[in-house]
Amino acid sequence: MRRLSPFLLVLALVAVHGCSDPPTAPDGSAVLKKAFAGHESGRLVASGQLREGEWKISFGGYADRSSDGSFRGSWQAHLHSVSVEELAGRKFVATEILGLNFVESDNPAECIARANLYMAGTLDGVPGYHARVLAADAGKIGGNAFDTFRLVIYDTDSTPLYDASSTDTARPGRDFPAVSNCRGGGRAALAHGNVKIWFNE
């Protein structure tokens, strides 16, 4: 967990059929350990920035699954400056949360859990795009623990247009170093902000 930013947004972690992206693809159901009333599988709230040299992305959102099984949430990401020129300065806004899941830590010294979120949305108001977020909550400040985050933008035929921090050299983008060491690699450290995950029993 890093410094709180002015607004917290809930990040839901999403499992999407057909969206395979090892080693950071969803790893299956987690054993959830912390009660959080009103949210069947948990809740993720996140906001902040990725920064590396001239590159910058800001983001904020929230998502969860209600007791009736429906997904709830709101999300946006602003690609202020990125290496894929046609996306620089553009904004993704979610219109529908399509899926989420939470995966418990396999390295408690680095994180308490990872979340995976998938959503449909608009790019500068144009519909038909999708985005995927993978985020991990370090659970504390200091030491070697830090919150990590990854954003992938897909076009209308599910082709990746931009990947903020993939370890796959064939991916477009990769502007932010992948430093995560908890439930897979491929996530970058937050420059500012916070990722917070709550669990239900």
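Predicted, not measured: the structure shown is a model, and the values here were computed from it.

A. Seen up close, the packing of aromatic side chains. Counted by the stated rule, this structure contains 4 aromatic pairs. Plain terms: the ring middles of Phe 59 and Phe 149 are 3.8 Å apart, the flat faces sit at 5° to each other, and that makes the pair stacked. In this pair, Phe 59 is assigned in strand E2 (residues 55-65) and Phe 149 in strand E7 (residues 148-154), connecting sequence segments 90 residues apart. On the basis of relative accessible area, Phe 149 is assigned to the buried category, the value being 0%. Relative to Tyr 154, the ring of Tyr 118 lies with its centre 6.2 Å away and its plane at 65°, an arrangement referred to as edge-to-face. One end of the pair, Tyr 118, is in strand E5 (residues 113-123); the other, Tyr 154, is in strand E7, and 36 residues separate them in sequence. Just as Tyr 118 is buried, Tyr 154 falls in that class too. In this structure, Lys 196 packs its charged tip against the face of Trp 198, placed 5.9 Å from the ring centre.

B. Layout of the state of the cysteines. Taken as a whole and judged by the stated rule, the model has 1 disulfide. The disulfide that involves Cys 111 links it to Cys 182, with 1.8 Å between the sulfurs. An S-S torsion of about -45° defines the bridge between Cys 111 and Cys 182 as left-handed. A residue pair is termed long-range when its members are at least 10 positions apart, and Cys 111 in the loop between strand E4 (91-104) and E5 and Cys 182 in the loop between strand E8 (160-163) and strand E9 (188-189) qualify at 71 residues. The pair Cys 111 / Cys 182 is uniform in exposure class, with both members buried.

Conventions and cut-offs
Residues numbered from 1 in each chain as written. Predicted model: local features only at pLDDT ≥ 70, side-chain atom pairs only at ≥ 80, totals over all residues. Heavy atoms only, no water. Phe/Tyr/Trp six-rings, centres within 6.5 Å; stacked < 30°, edge-to-face > 60°. Helix = DSSP H or I, 4+ residues; strand = E, 2+ residues; numbered from the N terminus. Buried < 20%, exposed > 50% of the residue type's maximum accessible area, 1.4 Å probe, protein only. Lys NZ or Arg CZ within 6 Å of the ring centre and 35° of its normal. Disulfide = S-S within 2.5 Å.

By themselves, these are just geometric observations and shouldn't be taken as functional.
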